[in-house]
Amino acid sequence: MIMQAQFVPRRKTLRRNLKAMNADGFSFSVMVGIAETYLPAFVLARGLGEVNAALIATVPVMLGSLLQLLAPMALQRLKSYRRFVVLTASIQACSMLVLMGMALVPYVPAWAVFIPATLYWAAGLSVGPAWNTWVEYLVPQKIRSGFFARRSRMCHVGVLLGLISGGLFLRWSVAHELTVAVFAVLFGIGAMGRFVSARMLARQTEQLTTSQLTGHDADRSVTAAQESSDDCESGTPDIISAKDRFAAVLQALKQPGSAGRLVLFLMAVQTAVHVSGPYFTPYMLKVLNLSWVQYMSLLSLGFIGKMLSLPWAGRFANRFGPDRLLWVGSIGIVPVSALWFFSQNMWWLATVQILSGLVWGCYELAVLLQFFRQIPGERRVAVLTLYNLGNSTAMVLGTVIGGYLLNALGRGPDAYLTIFVASGCMRFLALLAMPDRQKAVHTTRGVVSEWMVRSVRGYVHSAHSIRAVQEIHIQVPQASAVSERLLSPDEGSSVTSRVIEDVGQGKRRDGSAVSQSGSMRS
């Protein structure tokens, strides 16, 4: 009996796709850590000034977001997500090769560095939506969450490895007076990593590889086939034309709704953040005169703090909802830039960086979850296109405001600290644009209180269970003295297990009650 319209991915092809995705993510992340992260430092090492070092992190992003509006036309011409993604990834690698060449020549004007940087970001922003749509049809829904969680951890390791390697290379270059030349090595390794990433992307199939099953194999695979057919359609997804994309963008502008208000809030936050964000690198390297190892260590600590926060933030979002996590993260990022005002001690800055990573991890996860929660699937591409453009514009606006303040105040240490504090104040004002902020404040206060009460109850239950077990072990010899017989090991263990089981059931009941309360308030 031949199954009609029942398809299952071939295990061998699926396994090869997943391995290629992991290799792609790791090699891309190494490029981000060893090359992209050190681009502002390269501008400083070239002697192009602190303002240019700040602008190189924002202006190319805005220009790239404008160029990425042309991506649908290129995608429509290529008629293949895989070819488009591989092409744009290769363009990113080539932009790194151009930067490597600039590190080897004796003189480079400031404007010239912005050209490969803009090309890099245009390719990066263009590849994102196409890759997300493509892999959704390659990875079955049943394994998607677990696979991408493992892939994310691998990507984190890749970025951290790139950061540490870059810092060690630059430390070696200082002793040999080859700082600018070593940047060529960093960009070369970054280009190599992206080329490897493009090769791994090319190894993946264009769509789900499907095969019709017959006989015993069909009977055994009916359930898997039905799940696979429910998750996604066979074949590649439809490629939206540039005209339809433009019409969807206009529709999103006319009727922004809750998703539009969320985008406006995120733009306000980005503007406030980038008043100070791009100027931390010049402050650390030019004002504090940190070594490359110290600079790399502070960057890595912020990233480690973000990694540590993600498991807790995920559990918090699952229990209480992403809107409350967004409020917690938004409140958390308000003071972190101003904390640099109080001390320039390395240990203090390390603590601030870890705290910054913790709260930024919560904020970024909440933003991602809010996109899926508040933006309908049919409008997601249009809204995210506007978000990319608005986000990059906000980044440039904040950087220009910070640069103006820095120049007006004399570019001294006090000027940097002033824009750090000003950024904190602007982040607080940005909270006024948060959608349903009054409801978020009220519910988050109740949720945090319940969470603290639950944590205290957990400690109390644990203490009671320990005391109960201790009392049992004390009472057992007394009972044996009275009855002149000993409890068997099985009896003793059963008594202890019942006490622990009762405590565990009490914890489960308490936890479920909190969860129900949180669901009622969301």
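Everything numeric here is computed off the predicted structure, so don't read it as measured data. (Residues numbered from 1 in each chain as written. Predicted model: local features only at pLDDT ≥ 70, side-chain atom pairs only at ≥ 80, totals over all residues. Heavy atoms only, no water.)

Draft legend 1. Summary view of the packing of helix α14 (residues 280-287) against helix α19 (residues 413-430). α19 packs onto α14 with a crossing angle of 155° between their chain directions and a minimal axis gap of 11 Å. The pairing of α14 with α19 is recorded here as roughly antiparallel in orientation. Relative to α19, the crossing made by α14 is left-handed. Counted together, Phe 280, Pro 282, Tyr 283 and Val 287 of α14 and Pro 413, Tyr 416, Leu 417 and Phe 420 of α19 form the full contact between these two elements. (Axes fitted to C-alpha atoms, helices over the stretch in contact; angles between N-to-C directions. Helix = DSSP H or I, 4+ residues; strand = E, 2+ residues; numbered from the N terminus. Parallel < 35°, antiparallel > 145°, perpendicular 65-115°, else oblique. Left-handed = near helix turned anticlockwise from the far one by under 90°. Contact = heavy atoms within 4.5 Å.)

Draft legend 2. Broad picture of helix α6 (residues 81-104). The end-to-end C-alpha distance of α6 is 36 Å, a good match for the 34 Å that 24 residues give at a rise of 1.5 Å each. N-cap assignment for α6: the residue whose side-chain oxygen lies 3.4 Å from the backbone N of Arg 82 is Ser 80. (Expected span 1.5 Å × (residues − 1). Polar contact = N/O pair within 3.5 Å; in protein donor to acceptor, adjacent residues only side chain to side chain.)

Draft legend 3. Representation of a positive patch on the surface in the model. On the surface, a cluster of positive charge is made up of Lys 12, Arg 16, Arg 199 and Arg 203. Those elements that provide at least two residues to the positive patch are α1 (11-36) and α9 (179-203). By the secondary structure assignment, Lys 12 is in helix α1. (Patch = residues over 30% accessible without salt bridge, like charges linked within 9 Å, V, L, I, M, F, W, Y side chains within 5 Å. Areas by Shrake-Rupley, 256 points an atom, 1.4 Å probe, with all protein chains shown as cover. Salt bridge = Lys/Arg side-chain N within 4 Å of Asp/Glu carboxyl O. Lys, Arg positive; Asp, Glu negative; His and termini not counted. Charge placed at Lys NZ, Arg CZ, Asp CG, Glu CD.)

Draft legend 4. A look at the packing of aromatic side chains. All chains considered together, the criterion is met by 17 aromatic pairs. A ring pair is formed by Phe 183 and Phe 187, whose centres lie 6.3 Å apart and whose planes are at 35°; its orientation type is tilted. Within this pair, Phe 183 and its partner Phe 187 are both found in helix α9, separated by four residues, close to a single helical turn. Taking the relative accessible area as the measure of exposure, Phe 183 reaches 0% and is therefore buried. According to the relative accessible area criterion, Phe 187 is buried, its value standing at 0%. One aromatic cluster in this structure is built from Tyr 38, Phe 42, Phe 183, Phe 187, Trp 292 and Tyr 295. (Phe/Tyr/Trp six-rings, centres within 6.5 Å; stacked < 30°, edge-to-face > 60°. Buried < 20%, exposed > 50% of the residue type's maximum accessible area, 1.4 Å probe, protein only.)

Draft legend 5. Just the packing of α6 against α9, in detail. α9 packs onto α6 with a crossing angle of 170° between their chain directions and a minimal axis gap of 8 Å. Here α6 is positioned roughly antiparallel relative to α9, judged by the angle of their axes.

Draft legend 6. Expanded view of the nonpolar core. Of all hydrophobic cores here, the largest spans 60 residues; its most connected members are Tyr 38, Val 113 and Phe 183. Broken down by element, this core gets its largest block of residues, six residues, from α9. Contact partners of Val 113, with chain neighbours within four places excluded, come to Phe 42, Val 43, Leu 48, Ile 56, Leu 99, Met 102 and Val 108. One finds Ala 313, Phe 320, Val 334 and Ala 366 within the second-largest nonpolar core, a separate group that totals 28 residues. (Core = buried A, V, L, I, M, F, W, Y, C linked by side-chain atoms within 4.5 Å.)

In short, the description is geometric, and any link to function would need to be established separately.
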